[in-house]
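Per-entry structural report
In case you want the letters, here they are:
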Amino acid sequence: MATPIQISDIAQYDGQDVTLRGWLYNRTDKGRLQFLLVRDGTGLVQCVAFKKELDAESFALAQSLTQESSVIITGSVRGDDRAPGYPGKFEVGIKKLEVIQMAGEYPIQPKDHGVEFLMDNRHLWVRSLRQWAILRIRATIINTIRNWLDDHGYLLIDTPILTPAAGENTTTLFEIDYYGEPAFLAQTGQLYNEANMASFGKVYCFGPTFRAEKSKTRRHLMEFWMVEPEMAFFNLEDLMAMEEQFISAIVQTVLQKHAMELEILERDTTRLAQITPPFPRISYDDAVERLQKLAAEIDDPERKAELAIEWGGDFGSPHETAIAEMFEKPVFVYNYPTAAKAFYMQPVEGRPDVCRSVDLLAPEGYGEITGGSERIYDADLLEERVAEIGIDPNVYRWYLDLRKFGSVPHSGFGLGVERTVAWICGLPHIRETIPYARMLNRLYP
Ligand code: 4AD
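The following refers to the structure shown. Owing to the predicted nature of the structure, the values given are computational and were not obtained by experimental measurement. (Residues numbered from 1 in each chain as written. Predicted model: local features only at pLDDT ≥ 70, side-chain atom pairs only at ≥ 80, totals over all residues. Heavy atoms only, no water.)

Notes on the overall build of the chain
Worth spelling out the cut-off: A helix here means a DSSP run of H or I that spans at least four residues, while a strand means a run of E at least two residues long, and both kinds are numbered starting from the N terminus. Only protein chains enter the accessibility calculation, which uses a 1.4 Å probe; a residue is then buried when its area is under 20% of its type maximum, exposed when over 50%, and partly exposed in between. We call two residues in contact when some of their heavy atoms are within 4.5 Å. In summary, the charge assignment counts Lys and Arg as positive and Asp and Glu as negative, without counting His or the chain termini. Note on charges: their place is set at NZ of Lys, CZ of Arg, CG of Asp or CD of Glu.
A count of helices and strands for the chain gives 14 helices and 19 strands. Per-residue burial for the chain yields a buried fraction of 53% across its 445 residues. Considering only intrachain contacts with a sequence separation of at least 6, the fraction spanning at least 24 residues in the chain is 68%. The centroid of the 46 positive side-chain charges in the chain is displaced by 7 Å from the centroid of its 65 negative side-chain charges.

In structure tokens:
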């Protein structure tokens, strides 16, 4: 056996004998030639079994090889510009073939399957090329999030998943029985971030969060990953300035590292390449006015109804998309109505019907990817708001303490990983952006 190598490194072995260990992705039978497309997790390469060059037993094995059988192949690497595969441009002339396990009939065939079937077979679907590309990009997005924050003075402080209090809208709580006490799966780590912020200045938490969303949409999961930075002495302007740097770095890093994966996904990257600071900023008031003007100019009654909005209403997908389409880059919408947002948001001075909140809407119809705000730092006002949540205020005692001992203006936001992956990869639905999606009708596999 020659040295086992990874397919991603194949260019370094031009003209040499190597050993590959992986799975058969596809086989094309040309009689005396068997083209085996082999993947190993790092790439995909064409291996050629030529009857003349192999012993009869190995050739027969190649001919009978089923999709997803696990194999060890030894052969010689040769350059070929037309060879299919990733990174491509090389193929392997097979000298020896070993089968570790001959796979049974594989449910996912190289043809179109319905998405529900693929979701039922997610544990196998993750092996498909598109899914491989998406999940590799997801890993880079997560890695860049961590690196950027670590490099910019933010400290990772973990926050609990089992919590006695709600951090967001109480209609989306997953309630559990915690030894006889009600508890909830964390909707956000924010409230704990605020405690940690007072100890470390700039902090972030990053983990799974849970929302019992009762609707099926392209953008909602029950379990999603969120990164939440929280910063002492940041106001809304500071927050937007930081967010646009952070998000631009994520997009540019993916473009740099994943040309191959983006090509597999057939993602047009023209718009992504333009994602650099600054991003446009508009107020909620302005956004509503723009939407109303747009709706007034439209003849199609269905579209008109979809875009209808009164001041005070929250934006649905059609609104978000329409606003985003007015700009090239992601757009910040700030100062939302206080009544439409979470309890902890700082009211605008002199105009308490709106609050110091900001959402970032991604271009190309991918919707809201971040939500954040300045936090109320006045103890009395926060206590009033906590009383309105509808959960025993006692479980917020610690949170209210934070406003009694060195309260400071501070801000933070949450970025949803899956929506960011959907946007960057150009995916119409969020379900493929997470390895195992949890949705209204799906807990399997
Ligand atoms: O706007 P949200 O609800 O903000 C918070 O949870 C704040 N506590 C964050 C903070 O200020 N620390 O959620 C933030 C982001 C959204 O913009 C979206 O990207 C994502 O989290 N998100 C979801 N992603 C997938 N499925 C869901 N059900 C989501 N709900 C929110």
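Observations concerning the site of the ligand
Note the threshold: Throughout, near means a residue has at least one heavy atom within 4 Å of the molecule or strand. For the purposes of these results, a polar contact is taken to be a pair of N or O atoms within 3.5 Å, where, inside protein, one atom must be able to donate a hydrogen and its partner to accept one; residues adjacent in sequence count only when each atom of the pair is a side-chain atom. Only the protein chains shown count as cover for residues, and all accessible areas are computed by the Shrake-Rupley method using a 1.4 Å probe. In this analysis the probe radius is 1.4 Å and the grid spacing 1 Å, with only protein atoms considered; a cavity is a set of points the probe fits into but cannot get out of, a pocket is an open set with protein on both sides within 12 Å along at least five of seven lines, and lining residues have an atom within 4 Å of a point. Should more than half of a molecule's atoms lie within 2 Å of a pocket's or cavity's grid points, that molecule is taken to sit in it.
Around the ligand, 24 residues are found, and the nearest of them are Glu-168, Gln-190, Arg-211, Glu-228 and Glu-368. Measuring from a nitrogen atom of the ligand, one finds a backbone N or O atom of Leu-221 at 2.9 Å. Contact with the protein chains hides 94% of the accessible area of the ligand, taken as 630 Å² for the molecule alone. At a threshold of 2 Å from the grid points, most atoms of the ligand map onto the largest pocket. Every element with two or more residues in the shell around the ligand is listed here: β12 (223-232), β18 (367-374) and β19 (410-416).

As for the layout of surface pockets
Our working rule: Grid points are joined across faces, edges and corners, and a volume is the space filled by probe spheres set on the points. Residues are grouped as follows: nonpolar covers Ala, Val, Leu, Ile, Met, Phe, Trp, Tyr, Cys and Pro; charged covers Asp, Glu, Lys and Arg; every other residue, Gly included, is treated as polar.
Considered as a void within the structure, the largest pocket measures approximately 1300 Å³ in volume. Surrounding the largest pocket, 48 residues form its lining, Glu-168, Asn-169, Arg-211, Asp-314 and Lys-341 being those nearest its centre. Of all elements in the fold, only β12, α11 (317-324), β17 (357-362), β18, β19 and α14 (417-425) reach the threshold of two or more residues within the lining of the largest pocket. Partitioning the lining of the largest pocket into residue classes produces 17 nonpolar, 16 polar and 15 charged.

Some remarks on the packing of helix α9 (residues 284-297) against α11
Going by this rule: Each axis is a line fitted through C-alpha atoms, and for a helix only the stretch in contact is used; angles between axes span 0 to 180 degrees, taken between their N-to-C directions. These descriptions rest on fixed angle ranges, namely under 35 degrees for roughly parallel, over 145 for roughly antiparallel, 65 to 115 for roughly perpendicular, and the rest for oblique.
The contact between α9 and α11 brings their axes to 10 Å, and the two run at 95°. Taken together, α9 and α11 sit at an angle that is classed as roughly perpendicular. From α9, Ala-287, Leu-291 and Leu-294 reach across to α11, where they touch His-319, Ala-322 and Ile-323. Counted by class, the contact of α9 with α11 contains five nonpolar, one polar and no charged residues.

Quick look at the environment of Asp-120
Relative to the helices and strands, Asp-120 resides in helix α2 (residues 115-120). For the pair formed by Asp-120 and Ile-247, sequence separation is 127 residues and the distance between their alpha carbons is 33 Å. What Asp-120 contacts, discounting residues up to four positions off in sequence, is Arg-442, Tyr-444 and Pro-445.

Looking at the packing of aromatic side chains
Selection rule: Each aromatic pair joins two rings of Phe, Tyr and Trp (for Trp, the six-membered one) with centres within 6.5 Å, and gets the label stacked for planes under 30 degrees apart, edge-to-face for over 60, and tilted for any other angle.
Applying the stated criterion across every chain yields a total of 15 aromatic pairs. Consider the rings of Phe-279 and Phe-332, whose centres lie 5.9 Å apart with planes at 35°: the pair is tilted. In this pair, Phe-279 is assigned in the loop between α8 (270-273) and β13 (281-283) and Phe-332 in strand β14 (residues 331-334), connecting sequence segments 53 residues apart. Judged by relative accessible area, which is 3%, Phe-279 ranks as buried. With 5.2 Å between their ring centres and 25° between their planes, Tyr-284 and Phe-315 make a pair best called stacked. Placement of Tyr-284 in helix α9 and of Phe-315 in the loop between α10 (301-307) and α11 is noted, with a sequence separation of 31 residues between them. For Tyr-284, a relative accessible area of 0% corresponds to the buried category.

With respect to the packing of helix α4 (residues 129-151) against helix α6 (residues 236-257)
The condition is simple: Note: crossing handedness is left-handed where the near helix turns anticlockwise from the far helix by less than a right angle, and right-handed where it turns clockwise.
Two elements in contact, α4 and α6, have axes whose closest approach is 9 Å; the angle formed by their N-to-C orientations is 135°. Judged by the angle between their axes, α4 and α6 are oblique. Considering only the axes of α4 and α6, their crossing is right-handed. Contact residues: α4 offers Ile-137, Thr-140, Ile-141, Thr-144, Ile-145, Trp-148 and Leu-149, while α6 offers Met-242, Gln-245, Phe-246, Ala-249, Ile-250, Thr-253, Val-254 and Lys-257. Among the residues forming the contact of α4 with α6, the class breakdown is 10 nonpolar, four polar and one charged.

With respect to the pattern of salt bridges
Test applied: We count a salt bridge whenever a side-chain nitrogen from Lys or Arg sits within 4 Å of a carboxyl oxygen from Asp or Glu.
Scanning all chains against the criterion turns up 27 salt bridges. Here Arg-130 and Glu-432 are joined by a salt bridge, their closest N and O atoms 3.8 Å apart. Taken together, the positions of Arg-130 in helix α4 and Glu-432 in the segment after α14 put the pair 302 residues apart, joining distant regions of the chain. Residue classification places Glu-432 among the buried residues on the basis of a relative accessible area of 12%. The closest approach of N and O atoms between Lys-404 and Asp-401, which form a salt bridge, is 3.8 Å. In this structure Lys-404 comes out as exposed when scored by relative accessible area, which is 51%. Residues joined by salt bridges that share partners form a network here, namely Arg-39, Glu-68 and Arg-127.

Details of the environment of Ser-373
Mapped onto the fold, Ser-373 is located in strand β18. The class for Ser-373 is buried, based on a relative accessible area of 0%. Filtering out sequence-adjacent residues up to four positions away, Ser-373 remains in contact with Leu-236, Leu-239, Tyr-344, Met-345, Arg-356, Ser-357, His-410, Ser-411 and Gly-412. Separated by 2.7 Å, the side chains of Ser-373 and Arg-375 make a polar contact.

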